[in-house]
Amino acid sequence: MWWAERGFVHGASKGRPWSRGYSAFLALMWWPALPVLLVGQWWALRRESARYYFTPAHDAVLALVASPAGWHVSEHYTAEPGAGRGRALREALVPLLLAEADRHAVSVYGTAATRALARQYAEQLPGVVDVGRGFYRGRRLQRLPSPR
C-alpha cells in the first residue's frame, strides 16, 4: 500500500497538468484516508478471486482478479516508480498470463494510469488495445483471447 503513495508522488511530477494535479491530490489525501485504505487492503488481499505476483526481490507487484468479464490486471506497483521494476515483472509474467488467457478463452483488461503508459503497454503486449478513458483517470486497455 505504501507503494501506491509513492506512485502518486511520482505521478505528480509526470504527465499533463490535470493528471499531475490529480496525482498530487491523491498523494495528499492518502494520509488522512490511511485507516480506510488499510481496511480496504485487508479485504483485497483476502479475495479468493485475486492472485498477487511479485518479483523475486519483492520490489514490484501485480494483481490479477478474476471476474465474469475476464481477468482484471490491477494493483501494479513498484517500490521505486520509474526504475523499470514493473517492466521486469511484466516481461516475466505476461507471456505466461496471456498464454493461459488464450487457453481458457478469457479476456484480459485493466487501466493504464497515463496515455503514455497505455501506449507502452500496447506496444509491449500483443493484442492489447486502448478502448477509451479510464473510470477516473488513465486509459482502459483490453486484450481479447486469441483464436486457437
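Residues numbered from 1 in each chain as written. Predicted model: local features only at pLDDT ≥ 70, side-chain atom pairs only at ≥ 80, totals over all residues. Heavy atoms only, no water.

Peer 1: So what exactly am I meant to see when it comes to the pattern of salt bridges here?
Peer 2: Should the charged atoms of two oppositely charged side chains come close, the side chains can pair. In the structure shown here, the tally under the stated rule is six salt bridges. Asp102 is paired through a salt bridge with Arg143; the nearest N and O atoms lie 2.8 Å apart. You can see Asp102 sitting in helix α3 (residues 85-103) and its partner Arg143 sitting in strand β6 (residues 139-143), a full 41 residues away along the chain. Accessibility classification places Asp102 together with Arg143 in one group, the buried group. Within the structure, one salt-bridge network assembled from shared partners comprises Asp59, Glu80 and Arg85. (Salt bridge = Lys/Arg side-chain N within 4 Å of Asp/Glu carboxyl O. Helix = DSSP H or I, 4+ residues; strand = E, 2+ residues; numbered from the N terminus. Buried < 20%, exposed > 50% of the residue type's maximum accessible area, 1.4 Å probe, protein only.)

Peer 1: Would you mind showing me how to read the sheet that holds strand β4 (residues 108-112) here?
Peer 2: Backbone-to-backbone hydrogen bonds join strands into a sheet, with any given pair of strands oriented parallel or antiparallel. With mixed pairing, the six strands of this open sheet are ordered in space as β1-β2-β3-β4-β6-β5. Edge positions in the open sheet fall to β1 (50-54) and β5 (129-133), since each of these has one partner strand only. Each strand of the sheet is rotated relative to its neighbour by a mean of 25°, with strand direction disregarded. Pairing between strand β2 (residues 60-67) and strand β3 (residues 70-78): seven bridges, direction antiparallel. Opposite Val61, over in β3, you have Tyr77 as the bridge partner. (Pairing = 2+ DSSP bridges. Axes fitted to C-alpha atoms, helices over the stretch in contact; angles between N-to-C directions.)

Peer 1: Would you mind showing me how to read the layout of surface pockets here?
Peer 2: Each pocket or cavity is described by its volume, and for the second largest pocket that value is around 160 Å³. Every residue lining the second largest pocket is listed: Ser49, Arg51, Tyr53, Leu62, Leu64, Val65, Ala66, Trp71, Leu93, Leu96, Leu97 and Glu100. Contributions of two or more residues to the lining of the second largest pocket are made by β1, β2 and α3. Residue classes in the lining of the second largest pocket are distributed as nine nonpolar, one polar and two charged. (1 Å grid on protein atoms, 1.4 Å probe; cavity = no way out; pocket = protein on both sides within 12 Å on 5 of 7 lines; lining within 4 Å. Points joined across faces, edges and corners; volume = space filled by probe spheres on them. Nonpolar A, V, L, I, M, F, W, Y, C, P; charged D, E, K, R; others polar.)

Peer 1: Could you clarify how one ought to interpret the side chain of Ser23 in this entry?
Peer 2: Relative to the assigned elements, Ser23 resides in helix α2 (residues 17-45). In this structure Ser23 touches Phe8, Gly11, Ala12 and Arg137, once residues within four positions along its chain are discounted. (Contact = heavy atoms within 4.5 Å.)

Peer 1: Hey, could you run me through unusual backbone geometry in this one?
Peer 2: With the exception of glycine, most residues fall at negative phi, and the peptide bonds are largely trans. Phi angles above zero are rare outside glycine, and Glu75 is one such case at about 45°. Within the secondary structure, Glu75 sits in strand β3. Here Ala105, not a glycine, exhibits a phi torsion of approximately 55°, which is positive. Structurally, the position occupied by Ala105 is in the loop between α3 and β4.

Peer 1: Looking at this structure, how should I read a nonpolar patch on the surface?
Peer 2: A surface patch of nonpolar side chains, amounting to about 320 Å² of accessible area, comprises Phe25, Leu28 and Met29. With respect to the secondary-structure elements, Leu28 resides in helix α2. Classification of Leu28 by relative accessible area gives exposed; the value is 61%. (Patch = residues over 30% accessible without salt bridge, like charges linked within 9 Å, V, L, I, M, F, W, Y side chains within 5 Å. Areas by Shrake-Rupley, 256 points an atom, 1.4 Å probe, with all protein chains shown as cover.)

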